[in-house]
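# Fold and contact review
If you want the building blocks of each chain, they are given just below.
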Amino acid sequence: MATSDDPWMPQACTLPTAAQPLRVAEFDELFATAVRGQRRLSPTVLRWELDPAAESAARDLTERESSCCSFFAFTLATATGQLLLDVRVPPAYVDVLDGLAARAEPAG
């Protein structure tokens, strides 16, 4: 289901192969600069707590990702001064969500 280099990027993705490393780099930038925490709400739902200043970038990136990987459902919300980004996938794509969660984990 996933490409060999990026287990969270499934073959169902319609983003051209040449553009996939650029998208991975965009997510890596978001993870490095904006993710303040992550929590698994269920096997199919991951929640990131983001720096509120990253809302525009997160919204743009998730909208573009949804257009090439339509199985992702991204929901942005604010709560008590935090920006929350929920990532939901169908059960068939839990391994993709697992890979995305692992990639977002801070380097030890």
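Here is a short report on the structure shown in this document. (Residues numbered from 1 in each chain as written. Predicted model: local features only at pLDDT ≥ 70, side-chain atom pairs only at ≥ 80, totals over all residues. Heavy atoms only, no water.)

With that out of the way, let us pick up the nonpolar core. F31, W48, L50, F71, F72, L85 and V87 are the most contacted members of the largest nonpolar core, which totals 29 residues. Listed by contribution, the elements that provide at least two residues to this core are α1 (20-33), β2 (45-50), α2 (55-68), β3 (73-79), β4 (82-88) and α3 (94-104). No other element matches α3, which puts 5 residues into this core. If near-sequence neighbours (up to four positions away) are discounted, F72 is found in contact with E65, S66, V87, R88, V89, V96 and L100. (Core = buried A, V, L, I, M, F, W, Y, C linked by side-chain atoms within 4.5 Å. Buried < 20%, exposed > 50% of the residue type's maximum accessible area, 1.4 Å probe, protein only. Helix = DSSP H or I, 4+ residues; strand = E, 2+ residues; numbered from the N terminus. Contact = heavy atoms within 4.5 Å.)

What follows covers the pattern of salt bridges. Two side chains bearing opposite charge may form a pair once their charged atoms approach each other closely. According to the stated counting rule, one finds 9 salt bridges in the structure shown. Here E65 makes a salt bridge to R23, at a shortest N to O gap of 2.8 Å. Linking E65 in helix α2 with R23 in helix α1, this pair joins segments that are 42 residues apart in sequence. Pair check on accessibility: E65 and R23 agree, each one buried. Its salt-bridge partner being R36, residue D51 comes within 2.9 Å of it at the nearest N-O pair. In this pair, D51 is assigned in the loop between β2 and α2 and R36 in strand β1 (residues 35-42), connecting sequence segments 15 residues apart. (Salt bridge = Lys/Arg side-chain N within 4 Å of Asp/Glu carboxyl O.)

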